[in-house]
Amino acid sequence: MRACGRSIIKFAAWVNHLREFDQTARRFEYANLPKAARDELEQPTPGGDVLESAARCGALLRAAELTNAASRQAVVRQAKVPDNYRSMQRAAGLYPLSALVVRASVSHWQRSVHRLFADTAAGKSPPLGVRLRYRPPISPPISDTDVADILRTTTDSLGIPVPTAAQLAALFSRYAPAWELDTVDDNDRPGRLYWGTQAWPQIDVAQPVIYTHVSYTRFGSRVLLQLNYTVWFAARAAENQLDILAGRLDGIHWRVTLGDDGRPLLYDSIHPCGCYHLFFPSASLRLIERSGLYHEPILIPQAVPSLSEAQRLRILVSARTHYLQQILLDDEAESASPYQFAPYDTLRSLPIGADDEHRSLFAARGLVPGTQRGERWILWPMGIPSPGAMRQWGNHATAFVGRRHFDEPLLIDENFSDISVSNP
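Since we're looking at a predicted model, the values are computed, not measured.

**Q** Any chance you could break down the sheet that holds strand S6 (residues 222-236) for me, citing the residues and the numbers?
**A** Spatially, six strands are ordered S9-S8-S7-S6-S5-S14 in an open sheet, and the strand pairing comes out mixed. Pairing within the sheet leaves two strands with one partner each, and these edge strands are strand S9 (278-281) and strand S14 (340-343). Adjacent strand axes in the sheet meet at a mean angle of 25 degrees, parallel and antiparallel pairs treated alike. Judged from the nine bridges that link them, strand S5 (residues 209-219) and S6 form a sheet pairing that is antiparallel. Opposite His213, over in S6, you have Asn228 as the bridge partner. Helix H8 (residues 165-175) contacts S5, S6, strand S7 (247-258), strand S8 (264-270) and S14 of the sheet and is inclined by roughly 60 degrees relative to S6.

**Q** Before we move on, could you go through the layout of surface pockets and cite the residues and values that matter?
**A** A water-sized probe, rolled over the atoms, reveals where empty space remains. In this structure, the second largest pocket occupies an estimated 580 Å³ of space. Going through the elements one at a time, helix H6 (95-121) and helix H9 (376-379) are the ones with two or more residues in the lining of the second largest pocket. With nine residues, H6 is the single largest residue contributor to the lining of the second largest pocket. Split into classes, the residues belonging to the lining of the second largest pocket amount to 18 nonpolar, seven polar and four charged.

**Q** Which residues make up a nonpolar patch on the surface, and what values go with them?
**A** A surface patch of nonpolar side chains, about 280 Å² in accessible area, is lined by Leu100, Leu293 and Tyr294. Tracing the backbone shows Leu293 in the loop between strand S10 (285-287) and strand S11 (313-317). Given the relative accessible area of 55%, Leu293 is considered exposed.

**Q** Please give an account of the packing of aromatic side chains that cites residues and values.
**A** Remark: the centre distance and the inter-plane angle together describe each pair of aromatic rings, the angle taken between the planes. Tallied over the entire structure, the rule returns 12 aromatic pairs. With a centroid separation of 5.5 Å and 90 degrees between ring planes, the pair formed by Phe172 and Tyr229 is classed as edge-to-face. Of this pair, Phe172 sits in helix H8 while Tyr229 sits in strand S6, and the two are 57 residues apart along the sequence. Across the pair, Tyr229 and Phe172 agree in class, each one buried. Pairing Tyr276 with Tyr323 gives two aromatic rings, centres 5.1 Å apart and planes at 70 degrees, and the pair type is edge-to-face. Taken together, the positions of Tyr276 in the loop between S8 and S9 and Tyr323 in the loop between S11 and strand S12 (324-329) put the pair 47 residues apart, joining distant regions of the chain. Each residue in the set Phe117, Trp254, Tyr267 and Phe280 is aromatic and connected to the rest through ring pairs, giving one cluster. Note that Arg27 overlies the ring of Phe28, its terminal NZ or CZ placed 5.0 Å from the centroid. A cation sits over an aromatic face here: Arg248 above Trp200, 3.4 Å from the ring centre.

Thresholds applied
The numbering scheme is per chain: residues are counted from 1 as the chain's sequence reads. Local features in this predicted model are restricted to residues of pLDDT 70 or higher, and side-chain atom pairs are both shown and tallied only at a pLDDT of 80 or more, whereas totals for entire chains, interfaces and linings draw on every residue. No hydrogens and no water enter the side-chain calculation; it runs on all heavy atoms of the structure. Being paired, for any two strands, means DSSP has found at least two bridges between them. Labels follow the DSSP assignment, with helices taken as runs of H or I lasting at least four residues and strands as runs of E lasting at least two, numbered in each case from the N terminus. Between N-to-C directions, angles cover 0 to 180 degrees, with each direction set by a line fitted to C-alpha atoms, over the stretch in contact for helices. The criterion used for residue contact is that any of the two residues' heavy atoms lie within 4.5 Å. A pocket, in this scheme, is an open set of points on a 1 Å grid over the protein atoms alone with protein on both sides within 12 Å along at least 5 of 7 lines, while a cavity is a set where a 1.4 Å probe fits but cannot get out; residues line either one if an atom lies within 4 Å of a point. Grid points are joined across faces, edges and corners, and a volume is the space filled by probe spheres set on the points. Residues are grouped as follows: Ala, Val, Leu, Ile, Met, Phe, Trp, Tyr, Cys and Pro are nonpolar; Asp, Glu, Lys and Arg are charged; every other residue, Gly included, is polar. Patch construction takes residues with relative accessible area above 30% that form no salt bridge. Like charges are linked within 9 Å, and nonpolar side chains (Val, Leu, Ile, Met, Phe, Trp, Tyr) are linked within 5 Å. Where accessible areas are quoted, they stem from the Shrake-Rupley method and a 1.4 Å probe; at the residue level, only the protein chains shown are allowed to cover. Think of a salt bridge as a Lys or Arg side-chain nitrogen and an Asp or Glu carboxyl oxygen that are within 4 Å of each other. Three labels apply to residues, based on accessible area from a 1.4 Å probe with only protein chains included: buried if under 20% of the type maximum, exposed if over 50%, partly exposed otherwise in between. Here the aromatic set is Phe, Tyr and Trp, taking the six-membered ring for Trp, and pairing holds for ring centres within 6.5 Å; pairs whose planes are under 30 degrees apart are stacked, those over 60 apart are edge-to-face, and all others are tilted. We call a charge positioned above a ring when the Lys NZ or Arg CZ atom is no farther than 6 Å from the ring centre and deviates by at most 35 degrees from the ring normal.

Below is the structure:
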């Protein structure tokens with residue numbers, strides 16, 4: 001009976017998380033409706049609050065439909081996250097053959113990344129422009145012990161840490177990196193996204209903004225909190241007329257996975273297209289080596305510096321391509337421009353002019369309009385919709401060969417072993 005009771009409690013907690021996602025998505029979808037459509041919906045709604053009425057309906061449906069084990073099991077069976085690869089697209093592109101060509105190209109790129117990091121470390125990669133540094137706003141210090149206490153005391157019945165808004169703000173400030181950007185023009189400056197008069201989003205470089213959100217991963221029996229930081233640029237400038245990687249908008253996702261001890265367990269990054277996945281594990285992780293023609297290897301370009309409680313990382317970024325070049329310890333004595341934080345979710349409903357109209361940054365399949373790249377005509381056989389285009393969190397396929405997603409819950413667990421556990 002006790003086991004059954006615990007199971008029901010965990011199921012209820014899981015459903016609560018699903019309902020939170022549902023209500024958040026519904027809020028943005030409703031805000032993005034034309035004002036006339038919202039006015040029409042509000043007329044027959046008691047009290048005029050459509051979202052509140054929808055939430056009440058959801059609560060009633062939950063109470064009516066999830067009262068027995070069979071209905072609960074049916075919900076669990078149907079809770080499947082869609083894959084971001086298209087098998088039919090791969091079949092049409094003769095994937096078993098075309099993937100071998102792409103696999104060779106990926107190997108070449110990975111070797112070039114190792115060279116880039118090595119050359120930067122050796123001072124052999126001079127900037128193309130001026131290196132500009134950006135640093136997060138000053139905040140009260142928080143120790144590793146404080147972070148561990150937050151993670152431990154906010155864990156729900158599913159083992160998921162759910163810090164308060166104030167605690168999350170402290171965590172984001174603690175692990176926010178400084179950015180050192182090789183800057184040739186405004187395409188290399190970070191900024192705030194907005195909808196202007198163009199058919200694609202614009203960047204206001206007068207307002208340096210880093211967009212933040214929380215995610216989770218499983219590692220062994222634990223659920224770990226991940227802090228995500230996204231910087232956006234106006235474009236990846238073309239290096240020549242045949243540059244198939246150039247296009248509107250570019251950026252970097254930087255992710256910090258926290259261990260139970262309150263210290264970073266792993267850093268990793270991608271561009272918002274899902275490409276260029278780099279891993280920077282802590283000393284307590286060991287890579288699980290895998291091989292195979294249809295497996296894209298994990299890329300670790302350098303050992304990440306260990307942080308003291310008073311330090312933060314500094315990320316060196318190249319001009320035009322916005323490739324990561326080196327991860328260093330920041331020197332707070334050196335000058336830097338401040339950047340501000342903004343919730344990543346605000347991108348799901350950006351204002352567009354007057355009359356309280358809003359529009360998501362993301363369109364169908366999570367893609368950002370107007371950010372298509374020429375590489376899509378070459379890489380489409382890998383099964384990824386519009387390779388190279390910017391896309392929404394949760395839609396990032398990160399391997400052209402094989403299958404890998406940035407938000408896979410077992411990404412770390414399947415690719416790294418915990419040295420502190422396996423070798424006590």
